[in-house]
Amino acid sequence: MSFKKKILCIGAGYVGGPTMAVIAAQCPEYKVTVVDVNAERIQAWNGDHLPIFEAGLLEVVRQARGRNLFFSTDIPGGIREADIIFVSVNTPTKTFGHGAGMASDLQHWEKTAHQIVAHSDRAKIIVEKSTLPVRTAEAMERILQENKKGIRFDVVSNPEFLAEGTAIQDLLHPDRVLIGSRPGESGRRAAEEVAAIFAHWVPAGKIIATNLWSAELSKLVANAFLAQRVSSINSVSALCEKTGADVDEISFAVGSDHRIGPHFLKASVGFGGSCFKKDILNLVYIARSYGLEEVAGYWESVVRINEYQQERFVRTIIDEMFHTVVGKKIVLLGFAFKADTGDTRESPGIHVARKLLEERALLAVSDPQALGNARRDLAGFSGQVEFEPDPYRAAVEAQALAVITEWRAYCDLDFARMFASMRKPAFVFDGRNILDHHRLFEIGFNVFPLGKPAMTHFS
Ligand SMILES: NC(=O)c1ccc[n+]([C@@H]2O[C@H](COP(=O)([O-])OP(=O)(O)OC[C@H]3O[C@@H](n4cnc5c(N)ncnc54)[C@H](O)[C@@H]3O)[C@@H](O)[C@H]2O)c1
């Protein structure tokens, strides 16, 4: 079968896989190939057990796979035949050398640029899908233009705004699709080619054209704003615990103001995920590198409050359990960084678990989707941790339950049954404020919500 256009995506991760599956499903006349250096991942994309858990993803993949959606490890072959190449490789925080702990590690990104040059024999459009520091496209262009073959490459920025857990819905109904390009005829045509893909299902008014640098920076700023709201309400939760105010009532009251709005105002044990922290730190690093110390300090505080909130949660557990958790079994209800995903990257659960283990607690980690990742995250603590998908079994002989992830199923647990199998006094620390605290108190638990008065049976 001959296809109208051939699209390649380098990087078959949380972004590359779902994004390309949706493009293939919506654009049957395009051939969409997703390549990755990780052969195991590609094999999983070609089977029924996809490498990531995302509602509705398998159905979309099945709709297009083998028809116009292909997963492969043949990176040179994919580059050769592609007209448009999306680059969706990981861009984690640098862990070494200059900028360690702050700047983006662009080694995977640069490697793909060299690969594209090596295996191309005609003009191509290169689309930045990964989240990148502002002006990365310039570096990309320099590498690409170095080719001795006289080939023209147009670099376009198309940052991804999907949220894990709702990726398919976000891709099908995006708030906006951002396409940044260079001024001039060639840049405009490249942007139009990319826009034409999304125009298959996204209304024209939601496809926004900007300059390259605005597109790159918008992604960092969007994540920084979202994370800032979480840190803002989390900082207020600490104040509520001192004053007797209720953080959920404050969220509702504040979020009812249409200028503020209700989203991302839920107090929690802290934000996680692979993006928020790294993207803010990247923003901080960029601001600092331009000498904008006040700007850098402002955004850095969003990350600091997040660390403070995680630390505060652990401190509350230890302090309220009579200042020691040595040998006490504590159940972590959830380990994913948020509900509806199995992803644990930067999950507050990792910090909470490690701190409690350092305090010599015994942990039972339960999660419907994330136990495989949790095992990897807590490798090295094997004697002290059990991984138990069934929350009821996890609770046996435990002394405390700590909610880490807002899985809806946790609201429907039979807590009286759990209480009966636990040691007394029994505690609940609700790091997501999702449980019925009054009911838990009636059952006999000592209850510690976030940003609300605690309920204890101690006189
Ligand atoms: N995860 C999210 O929710 C999300 C949302 C929006 C944007 N982003 C951004 O998208 C990018 C990708 O994120 P992700 O979560 O999909 O990462 P990921 O780690 O899940 O996937 C990246 C993939 O790229 C592959 N890869 C790395 N170098 C390669 C190379 N040279 N050739 C071929 N494959 C290579 C890796 O093997 C991996 O499978 C990041 O920049 C991230 O910031 C992520």
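About the cut-offs
Residue indices follow the written sequence of each chain, beginning from 1 at its first position. Selection of residues for local features in this predicted model requires a pLDDT of at least 70, selection of side-chain atom pairs for listing and counting requires 80 or more, and totals for whole chains, interfaces and linings are taken over all residues. The helix count covers DSSP runs of H or I at least four residues long, the strand count covers runs of E at least two residues long, and both are numbered beginning at the N terminus. With C-alpha atoms as the basis for the radius of gyration, the globule rule is written as 2.2 Å multiplied by the number of residues raised to the power 0.38. Any residue whose C-beta has 12 or fewer other C-beta atoms within 10 Å is treated as exposed, any with 20 or more as buried, and any in between as partly exposed, C-beta atoms being built from the backbone. By the convention adopted here, residues make contact when the C-beta atoms placed from their backbones lie within 7 Å. Should the C-beta atom of a residue, placed from the backbone, lie within 6 Å of a molecule or strand, that residue is near it. When residues are sorted by character, Ala, Val, Leu, Ile, Met, Phe, Trp, Tyr, Cys and Pro go into the nonpolar class, Asp, Glu, Lys and Arg into the charged class, and all the rest, Gly among them, into the polar class. Nonpolar cores are built from buried Ala, Val, Leu, Ile, Met, Phe, Trp, Tyr and Cys residues. These are joined into a set through C-beta atoms within 7 Å. Only C-alpha atoms enter the line fits that serve as axes; for helices the fit covers just the stretch in contact. Angles between N-to-C directions range over 0 to 180 degrees. Angle categories: roughly parallel below 35 degrees, roughly antiparallel above 145, roughly perpendicular from 65 to 115, and oblique for all the rest. In a left-handed crossing the near helix is turned counterclockwise from the far helix by less than a right angle, and in a right-handed crossing that turn is clockwise. We call two strands paired when DSSP finds no fewer than two bridges between them. Orient the strands so they point away from the viewer; a crossover is then right-handed if the path from the first strand over the helix to the second runs clockwise. For the domain bounds, the source is a domain assignment made automatically or taken from a database. Taking the helix axis as origin, the arc is that swept by the directions to the C-beta atoms.

S.K.: I'd like to hear about the overall build of the protein, residue by residue, with values.
M.R.: Counting its regular elements, the protein contains 17 helices and 14 strands. The C-alpha atoms of the protein give 24 Å as radius of gyration, which agrees with the globular expectation for 459 residues (23 Å, within 12%). In terms of its C-alpha atoms, the protein occupies a principal-axis envelope of roughly 80 × 50 × 45 Å. Among the 459 residues that make up the protein, the fraction classed as buried is 48%. Sequence separation of 24 or more characterises 73% of the internal contacts of the protein that already satisfy a separation of 6 or more.

S.K.: How would you summarise the site of the ligand if you had to cite specific residues and measurements?
M.R.: Surrounding the ligand, one finds 27 residues, the nearest of these being G11, G13, H108, S130 and T131. Sorting elements by how many residues they give to the shell around the ligand places helix α5 (residues 107-119) first, with three residues. Among the residues forming the shell around the ligand, the class breakdown is 10 nonpolar, 12 polar and five charged.

S.K.: Quick one: what's the story with the nonpolar core, residue by residue and with numbers?
M.R.: Grouped together as the largest cluster of nonpolar side chains are 56 residues, with contacts concentrated most on I7, A21, A24, I85, I126, V127 and V194. Examining the composition of this core, we find that six residues originate from one element, helix α1 (residues 16-26), more than from any other. In terms of nonpolar packing, the next biggest core, distinct from the first, is built from 49 residues, L362, V365, V447 and F448 among them.

S.K.: Could you give an account of the packing of helix α11 (residues 276-289) against helix α12 (residues 293-320), with specific residues and numbers?
M.R.: Closest axis-to-axis distance for the α11/α12 pair is 8 Å, and the angle between their directions is 165°. Our classification of the angle between α11 and α12 gives roughly antiparallel. The hand of the α11/α12 crossing is left-handed. In this structure, α11 contributes K277, I280, L281, L283, V284, A287 and R288 to the contact, and α12 contributes E293, V295, A296, W299, E300, V302 and V303. Of the residues that constitute the contact of α11 with α12, the class distribution is 10 nonpolar, no polar and four charged.

S.K.: Explain the environment of F276 to me, using residue names and the numbers behind them.
M.R.: Relative to the helices and strands, F276 is located in helix α11. Filtering out sequence-adjacent residues up to four positions away, F276 remains in contact with N223, L226, A227 and F271.

S.K.: I'd love a proper account of the pairing of strand β6 (residues 153-157), names of residues and values included.
M.R.: Strand residues, when the strand is regular, have side chains that alternate between the two faces of the sheet. Among the five residues that make up β6, five are buried, leaving the element largely enclosed by the rest of the structure. Side chains of β6 alternate between two faces, with F153, V155 and S157 and D154 and V156 buried alike. Note that strand β5 (residues 124-128) and β6 share five bridges and pair parallel. Bridge pairing in β6 places I125 opposite D154. In this region the chain leaves β5, passes through helix α6 (residues 136-145) and returns to the parallel neighbour β6; the handedness of that crossover is right-handed.

S.K.: Which residues make up the domain arrangement of the protein, and what values do they have?
M.R.: As far as domains go, the protein holds domain 1 (5-202) and domain 2 (309-448). On a C-alpha basis, the centroid separation for the pair domain 1 and domain 2 is 37 Å. At the junction of the two partners, domain 1 supplies six residues and domain 2 supplies seven residues. In the side of domain 1 that touches domain 2, the residues fall into four nonpolar, one polar and one charged.

S.K.: Any chance you could break down helix α3 (residues 57-64) for me, citing the residues and the numbers?
M.R.: Along α3, the residues that are buried comprise V60, V61 and A64. Along the axis of α3, the buried residues cluster in a sector spanning 100°; they form a single face. In this structure, the buried residues of α3 make contact with α1, β3 (69-72) and α7 (167-172). In the stretch just after α3, G66 is the one whose phi turns positive, near 85°.

S.K.: If you had to explain the sheet that holds strand β14 (residues 446-448) to someone new, which residues and values would you point to?
M.R.: Read from one edge of the open sheet, six strands run β11-β10-β9-β12-β13-β14, paired in parallel fashion. The sheet is open, and its two edges are formed by β11 (385-387) and β14, each paired on a single side. Shown here is a sheet whose adjacent strand axes are inclined to one another by a mean of 15°, direction ignored. In the sheet, strand β9 (residues 329-333) pairs with strand β12 (residues 400-403) via four bridges, with the strands oriented parallel. Across the sheet, the residue bridging to V331 is L401, located in β12. Sheet strands in contact with α12 are β12, β13 (427-430) and β14, and its direction is about 165° off that of β13.

S.K.: Break down the packing of helix α9 (residues 212-243) against α12 for me, citing the residues and quoting the values.
M.R.: Angle between the axes and distance between the axes are the two parameters that describe a pair of packed helices. Taken N-terminus to C-terminus, the directions of α9 and α12 make an angle of 45°; their axes are 9 Å apart at the nearest point. Classified by the angle between their axes, α9 and α12 sit oblique to one another. As for the relative orientation of α9 and α12, their crossing is left-handed in sense. When α9 is examined against α12, the residues A224, A227, Q228, S231, N234, S235 and A238 are found in contact with a partner set consisting of W299, V302, I305, N306, Q309 and R312. Split by residue class, the contact of α9 with α12 holds six nonpolar, six polar and one charged.

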